[in-house]
Amino acid sequence: MCGIAGFLSSVPMPAAELDDRLWKMITPLRHRGPDDEGVWTDGWAGLAHARLAIIDISPAGHQPMASNDGSVWISYNGE
């Protein structure tokens, strides 16, 4: 099972600070998803994902993942 973390802020924050927070959130979950990991933030919200690749082991399953136009982001355990 993958490890997923995220947050929503009431005020905008610097991207570097948010990235650091997301990596700290996902670090204790790495054992749940040792195959890949990633973070996304827009200054207000953030997602972090530690991926356990079972079925699709290709980079196409990297998360968090965006819609085609990049306006919507998601992180989920889809296996």
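All values derive from a computational prediction rather than experimental measurement.

A. Spotlight on the overall build of the protein. Scanning the protein from N- to C-terminus turns up 1 helix and 5 strands. Secondary structure of the protein in N-to-C order comes out as β-α-β-β-β-β. Over its C-alpha trace the protein gives a radius of gyration of 12 Å, about what one expects of a compact globule, namely 12 Å for 79 residues. Structurally, the protein occupies a C-alpha span of about 40 × 30 × 15 Å along its principal axes. Counting every position in the protein, which comprises 79 residues, the buried fraction comes to 30%. The long-range share in the protein, meaning contacts at least 24 apart out of those at least 6 apart in sequence, stands at 50%. Accessible surface computed for the protein: about 4,900 Å², of which carbon and sulfur atoms make up 60%.

B. Quick look at the pairing of strand 2 (residues 36–41). Across 6 bridges, the pairing between strand 2 and strand 3 (residues 45–51) is antiparallel. Its bridge partner being in strand 3, Thr 41 is matched across the sheet by Gly 46. Count of turn residues in the strand 2/strand 3 antiparallel hairpin: 3 residues, of which Gly 43 carries a positive phi of about 95°.

C. Up close: the side chain of Gln 63. For Gln 63, the location among the structural elements is in the loop between strand 3 and strand 4 (65–66). Here the side chain of Gln 63 touches Tyr 76 through a polar contact of 2.6 Å, landing on its backbone nitrogen. In contact with Gln 63, other than residues within four places in its own chain, are Asp 36, Glu 37, Gly 38, His 49, Ile 74, Ser 75 and Tyr 76.

Procedures and definitions
- Residues numbered from 1 in each chain as written.
- Predicted model: local features only at pLDDT ≥ 70, side-chain atom pairs only at ≥ 80, totals over all residues.
- Heavy atoms only, no water.
- Helix = DSSP H or I, 4+ residues; strand = E, 2+ residues; numbered from the N terminus.
- Rg over C-alpha atoms; globule rule 2.2 N^0.38 Å.
- Buried < 20%, exposed > 50% of the residue type's maximum accessible area, 1.4 Å probe, protein only.
- Contact = heavy atoms within 4.5 Å.
- Areas by Shrake-Rupley, 256 points an atom, 1.4 Å probe, with all protein chains shown as cover.
- Pairing = 2+ DSSP bridges.
- Polar contact = N/O pair within 3.5 Å; in protein donor to acceptor, adjacent residues only side chain to side chain.

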